[in-house]
Amino acid sequence: MSEAEHTANFPFPHHHLLGIENLKEQDINNILDLADKYVAQNRKTNKKTHILTGLTQINLFFENSTRTRMSFELAGKRLGADVINMSSSGSSIKKGETLLDTAATLNAMRPDLLVVRHGSSGAVKLLSRKVNCAVLNAGDGTHEHPTQALLDALTIRRRKGKIARLTVAICGDVLHSRVARSNIHLLNIMGARVRVIGPSTLVPNTLKELGAEVFHDMKQGLKDCDVVMMLRLQTERMQGGYFPTISEYFTLYGLDYDKLSVAKEEAMIMHPGPMNRGVEIDAAVADDLTRSAIQEQVEMGVAVRMACLDLLTRKKRGSEK
Amino acid sequence: MSADKLYINARLLDPATAMDKIGQIMTRGGKIADIGAEITVPEDAEIIDCQGKCLCPGLIDMRVFVGIPGADYKDTIENTGEAAAAGGVTTVCVQPVTDHIIDDMTGVEFLENRAKKAKVNFIPFPAITKQLEGKEMAEIGLMSRSGIKAFTDSNKSVANPALMSRVLNYAAMFDALIIQHLAVPELSEKGCMNAGALATRLGLPGIPTTAETIMLERDLRLLKSVATRYHAAQITCRDSIEVVATAKKNKMNVTAGVAVAHFALNEYAIEEYRTFTKLSPPLRSEDDRAAVVNALKDGTIDVIVSGHDPEDPESKRVPYELAESGVVGLESMMSVSLELYHNGALPLLDILAKMTCNPARIIGLDSGCLKIGSPADLCIFDLDMPHRIDPETMVSLTKNTPFDGRPVQGKILKTIVAGVTVFKG
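Residues numbered from 1 in each chain as written. Chains lettered and ligands numbered in written order. Predicted model: local features only at pLDDT ≥ 70, side-chain atom pairs only at ≥ 80, totals over all residues. Heavy atoms only, no water.

## Some thoughts on the overall build of chain A
Rule in force here: The secondary structure listing takes helices from DSSP runs of H or I that are at least 4 residues long and strands from runs of E that are at least 2 residues long, numbered from the N terminus. With C-alpha atoms as the basis for the radius of gyration, the globule rule is written as 2.2 Å multiplied by the number of residues raised to the power 0.38. Exposure categories follow from relative accessible area, calculated using a 1.4 Å probe and restricted to protein chains: below 20% of the type maximum is buried, above 50% is exposed, and the middle band is partly exposed. Throughout, a contact is declared for two residues whenever any of their heavy atoms are within 4.5 Å. Only four residue types enter the tally: Lys and Arg on the positive side, Asp and Glu on the negative side; His and the chain ends are excluded. In this description, the location of a charge corresponds to atom NZ of lysine, CZ of arginine, CG of aspartate or CD of glutamate.
Counting its secondary structure elements, chain A contains 12 helices and nine strands. In terms of overall dimensions, chain A is globule-like: its C-alpha atoms have a radius of gyration of 19 Å, near the 20 Å expected for 321 residues. Burial status across chain A gives 59% buried among its 321 residues. Here the analysis covers contacts within chain A between residues at least 6 apart in sequence; of these, 75% occur between residues at least 24 apart. Positive and negative charge centroids in chain A, built from 42 and 36 side chains respectively, lie 4 Å apart.

What follows is the structure, encoded as structure tokens:
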């Protein structure tokens, strides 16, 4: 695909990508269509294009991350951008002053793209008001993680050929999951039927107002599902008492073949990673290549992020040509 | 001593006696000297024509934070006094929370000394427990004997039931008012907004209303066996209101307050993580807000407070979870409260009562009414004048108001403390 083709298509009427909630179906389709093309590019030996040559991308991670940061880094580099990583462990930058000071400092270096992860909900939005470049939310607190939902959507669309009218179950620690929130929004926008399944302490009834059916029994919730999304149990965000033991949790909510048997036969299994085998998912299920799309999700992640970086800089690149 | 002043042609509003009539009022030596249609006026009296505007007792605000001692960057006593005067508030009840907790006579005297320079009256409300730690009782007896009337741990609950039981028992000996902040720590500490669907959507940890109601129910249970006067600093939800209403029906010694923000805003004011809407207790659901308005109407809630809590920009320009709680409110208290009158929710005198005679009665002050011999603490205001709340024109050092740009009706024209005009609008 030529650069001209890229620039001609897929308008994206947003300055930033802060969340899924405010996107339209067309926005999401545009990202996914473009990402499809990047999947093809990424499977070639020469994966590199130069559409972002001369542009600077800063990955600013206030919270530890390996896979998301690497995925964004790879995405930027494959598009030709200069990519810089800046990480700070949660303890050294906890004060918000530092967040905005850091934002101001980085802004003065005139980056074109800021990829930001922060442990507090709303922090990326706050930062986006203080900088002049495009900001991509790589996860804020327990609020949103838009590129994860987009890569999940791409994975589903490629396997199932569509998203609308599929029944998707999101299982586990929904309460502490930004991935779940972004996915609930996205699946609703795309016309899928969303279920959330987990213990009542981790799957509150208030999720109904976000557009999800709430289940507390795995087999009831998984019945006739097309897609099963497992979530990581975020023990680091829990201060005890959400459930008694890992063993009880796995027995009731861990995904194994028995529970999976009530879903559709061709139901696909997803997990945003990193997985806790034997906690939320049985090892055999996770490794079942016919059912599990977990590796594919990682691959789609790079492509989706390339699409987002591309779209968010279109206006800028176009106006400077 | 100020010269005699005669305010003529005023719409005299005295909630204590349900007076609402055009008349005149004379002040002499810092006190109200005479009221009525027929007043013998000394020849040298200064005559002020109120042109039919409202004249009511100066407001008494039971919940104000001042950065003294130690946190002057938030605001000084002098400037807080200016802000109060601009809001028609003539008596400010200072919360003990600052860099050096006010929990003994040293702190009380320091504050009282510093307040002498201020334009309005400052009354310290010292801590119930030493350093607000909820472990040991502060010197309630010594402070009471020196004239302190009320105690509060302000933005912390006295959580230990054994200690609270002793506090209520002990305070009765001195007829001290115990003011409790209602929040079970374990249910509220991790949260930063009302628990519910919006918190789920925003991905913010919630504070359930049960955090408030459980603490209230517990305290009232403890209160049953003692004769102490107990004031629930702020009740913000339907359940707490029911509990207070029942307790009042049973003739218990309980009164309750609410902050302006809790009847003027609901949780949706947070929009996209606006930290100026972060409060403790948090803004509640629309259903709870409506219940608060009804409770103001039926008298279950006795007092309206500003909850004035200046926070410097650095503690607000951060992610919502990390931001400090608190809003400034002295200057907007009257205008925003008058919405209740303009939208027909409450009669004018009922609204004013909650900021004048009710707090005076609960604390034990002789102000808050238009009575001969009472302090000449007065507020003259235009009931209808429309304007927008503008942080830029505020006197407060910090501008953390959640009412930025809100259109309101009603404006303070003049504030008088002990017969002296301290503010002219």
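## Observations concerning the packing of aromatic side chains
The geometry of an aromatic ring pair is captured by the separation of the ring centres together with the interplanar angle, meaning the angle of the planes. Put simply, the rule is: The criterion for an aromatic pair is that two Phe, Tyr or Trp rings (for Trp, the six-membered ring) have centres within 6.5 Å, with stacked assigned to planes under 30 degrees apart, edge-to-face to planes over 60 apart and tilted to the rest. The rule for a charge over a ring is simple: NZ of Lys or CZ of Arg within 6 Å of the ring centre, and within 35 degrees of the ring normal.
Summed over all chains, the structure comprises three aromatic pairs over all chains. When the centroid spacing of 4.9 Å and the interplanar angle of 40° are considered together, the rings of Phe-243 of chain A and Tyr-249 of chain A count as tilted. With a centroid separation of 5.4 Å and 55° between ring planes, the pair formed by Tyr-170 of chain B and Phe-174 of chain B is classed as tilted. The partly exposed category is assigned to Tyr-170 of chain B, whose relative accessible area is 33%. Classification of Phe-174 of chain B by relative accessible area gives partly exposed; the value is 28%. Three or more aromatic residues link up through ring pairs in this structure, and these residues are Phe-243, Tyr-249 and Tyr-253 of chain A. Here Arg-305 of chain A stacks its cationic end above the ring of Phe-72 of chain A, 4.9 Å away from the centre of that ring.

## Some thoughts on the sheet that holds strand E8 (residues 121–124) of chain B
Residues and elements named next belong to chain B. Our working definition: At least two DSSP bridges between two strands are needed for those strands to be called paired. In this analysis an axis means a line fitted to C-alpha atoms, helices contributing only their contacting stretch, and an angle means the value between N-to-C directions, from 0 to 180 degrees.
An order of E6-E7-E8 is seen for the three strands of this open sheet, with the pairing classed as parallel. Of all the strands in the sheet, just strand E6 (59–64) and E8 have a single pairing partner and so form its edges. Looking at each pair of strands side by side, their axes are set apart by 20° on average, direction ignored. Bridge analysis of strand E7 (residues 89–94) against E8 gives four bridges, and the strand direction is parallel. Following the sheet pairing, Cys-93 is matched in E8 by Ile-123.

## Here we look at the packing of helix H2 (residues 25–42) of chain A against helix H6 (residues 146–160) of chain A
Residue and element names in this part refer to chain A. Quick reminder of the rule: Should an angle fall under 35 degrees it is called roughly parallel, over 145 degrees roughly antiparallel, and 65 to 115 degrees roughly perpendicular, with every other angle called oblique. All residues other than Ala, Val, Leu, Ile, Met, Phe, Trp, Tyr, Cys, Pro, Asp, Glu, Lys and Arg, Gly among them, are scored as polar; the first ten of these are nonpolar and the last four charged.
At a closest axis distance of 10 Å, the pairing of H2 and H6 adopts a crossing angle of 70°. As the angle between them shows, H2 and H6 are arranged roughly perpendicular. The segment H2 lies against H6, with Ile-28, Asn-29, Ile-31, Leu-32, Asp-33, Ala-35, Asp-36 and Val-39 engaging Leu-150, Ala-153, Leu-154, Arg-157 and Arg-158. By residue class, the composition of the contact of H2 with H6 is eight nonpolar, one polar and four charged.

## Some thoughts on the side chain of Asn-59 of chain A
All names here are of chain A. What counts here: In protein, a polar contact means a hydrogen-donor-capable atom and an acceptor-capable atom, both N or O and within 3.5 Å, with residues adjacent in sequence counting only if both atoms are side-chain atoms; elsewhere, any N or O pair within 3.5 Å suffices.
Relative to the assigned elements, Asn-59 resides in strand E1 (residues 56–61). At 2.8 Å, the side chain of Asn-59 forms a polar contact with the side chain of Asn-85. When sequence neighbours within four positions are dropped, the list of residues in contact with Asn-59 reads Arg-69, Phe-72, Glu-73, Val-83, Ile-84, Asn-85, Met-86 and Val-115.

## Describing the nonpolar core
Proteins that are soluble and globular tend to have nonpolar side chains buried together. Threshold: Nonpolar cores are built from buried Ala, Val, Leu, Ile, Met, Phe, Trp, Tyr and Cys residues. Side-chain atoms within 4.5 Å join them into one set.
With 94 residues, the main nonpolar core has Tyr-230, Phe-263, Met-334 and Phe-381 of chain B as its most contacted residues. Dropping the residues within four chain positions of it, Phe-381 of chain B is found in contact with Leu-13, Lys-53, Cys-54, Cys-56, Met-334, Leu-338, Leu-352, Lys-411, Ile-412 and Leu-413 of chain B. By size, the runner-up hydrophobic cluster in this structure holds 66 residues, among which are Leu-79, Val-203, Leu-210 and Met-306 of chain A.

## Observations concerning helix H1 (residues 77–86) of chain B
Residue and element names in this part refer to chain B. When you tally the buried positions in H1, you get eight out of 10 residues, the bulk of the element. Those residues of H1 lying buried are Ile-77, Asn-79, Thr-80, Gly-81, Ala-83, Ala-84, Ala-85 and Ala-86. In this fold, the buried residues of H1 make contact with E6, E7, helix H2 (105–115), E8, strand E17 (407–417) and strand E18 (420–424). Remark: Gly-88 follows H1 within two positions and exhibits a positive phi of approximately 80°.

## Observations regarding the environment of Asp-366 of chain B
Residues and elements named next belong to chain B. Along the chain, the position of Asp-366 falls in the loop between helix H14 (357–363) and strand E16 (378–388). Residues Asp-366 and Ala-171, spaced 195 residues apart in sequence, show a C-alpha to C-alpha distance of 21 Å. The contacts of Asp-366, once residues within four sequence positions are left out, are Ser-374 and Pro-375.

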